[in-house]
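Understanding the architecture of this molecule
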Amino acid sequence: MAKKIIFLTFMITFLHLTEVKGLELDELTRTVQLEASGKTVTLTPEQLKRGKRLFNNACSQCHNGGITKTNPNIGLDTESLSLATPSRDHMNGLIDYMKDPTTYDGEYSIAELHPSIKSAEIFPKMRNLTDEDLFAIAGHILIQPKIVSEKWGGGKLYY
């Protein structure tokens, strides 16, 4: 009986430690495209935690799970971001969009309709976001396809 208790204690501890370690993202997963040229950047775990918290606070009301509630045809998945003009599938593209959003074809500003730094007087959640915050949010958005794969931006199929 004592051996069984020791074994169970060991297994519970082992599984707990493995589970915690599994939450740590490796460097490859934390590496995302910085700019359209292909230059990359590796985000720190702290940046990703901050990005997730800020995204949940400022963006998830309309973009829960990477979808866009107001236009389900355009999500935050890699393909949708890459097909926008200018492309938004890299850190700088997303940051520019969060500062001054444009239509998907890039022709018109939609700052009065979409939360942004430019329209922070209309959208209070954007008022205190710094460039560092926007960087963290962009990082969170870009690593989600690596973590949850097709669920990110998958819409009603998954959420």
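Okay, so let's go over this structure.

Cut-offs and rules
Residues numbered from 1 in each chain as written. Predicted model: local features only at pLDDT ≥ 70, side-chain atom pairs only at ≥ 80, totals over all residues. Heavy atoms only, no water. Helix = DSSP H or I, 4+ residues; strand = E, 2+ residues; numbered from the N terminus. Buried < 20%, exposed > 50% of the residue type's maximum accessible area, 1.4 Å probe, protein only. Lys, Arg positive; Asp, Glu negative; His and termini not counted. Salt bridge = Lys/Arg side-chain N within 4 Å of Asp/Glu carboxyl O. Contact = heavy atoms within 4.5 Å. Polar contact = N/O pair within 3.5 Å; in protein donor to acceptor, adjacent residues only side chain to side chain. Core = buried A, V, L, I, M, F, W, Y, C linked by side-chain atoms within 4.5 Å.

What about the side chain of arginine 30?
Counting through the fold element by element, arginine 30 comes out in the loop between helix H1 (2–22) and strand S1 (31–33). Although buried, arginine 30 forms no salt bridge, and the nearest oppositely charged side chain, glutamate 27, lies 4.8 Å from it. Those residues within four positions of arginine 30 in sequence are excluded, and the remaining contacts are Leu25, Val41, Thr42, Leu43, Thr44, Pro45, Leu48 and Ile143.

A closer look at the side chain of threonine 102
With respect to the helices, strands and loops of the structure, threonine 102 is situated in the loop between helix H5 (91–99) and helix H6 (131–148). Separated by 3.1 Å, the side chains of threonine 102 and arginine 88 make a polar contact. Beyond its immediate sequence surroundings of up to four residues, threonine 102 is in contact with Thr85, Arg88, Tyr97, Tyr108, Ser109 and Ile110.

Some details on the nonpolar core
Within the largest apolar cluster, 26 residues are counted, with the highest numbers of intra-cluster contacts made by Met91, Ile137 and Ile141. At the level of elements, helix H2 (45–58), H5 and H6 are the ones that each hand at least two residues to this core. In this view, isoleucine 137 contacts Gly51, Leu54, Phe55, Cys59, Met98 and Leu129; residues no more than four positions away in its chain are not counted.

Describing unusual backbone geometry
For the peptide bond that leads from threonine 85 to proline 86, omega is -10°, which places it in the cis range. Following the sequence through the fold, proline 86 ends up in the loop between helix H4 (78–83) and H5. The phi angle at serine 149 is positive, at roughly 50°, despite the residue not being glycine. Topologically, serine 149 is positioned in the segment after H6.

Concerning the environment of serine 82
Secondary-structure assignment places serine 82 in helix H4. A relative accessible area of 30% means that serine 82 is categorised as partly exposed. Sequence spacing of serine 82 and glycine 93 is 11 residues, and the spatial spacing of their C-alpha atoms is 9.6 Å. Sequence-distant contacts of serine 82, defined by excluding residues within four places in its chain, comprise Ser87 and Asp89.

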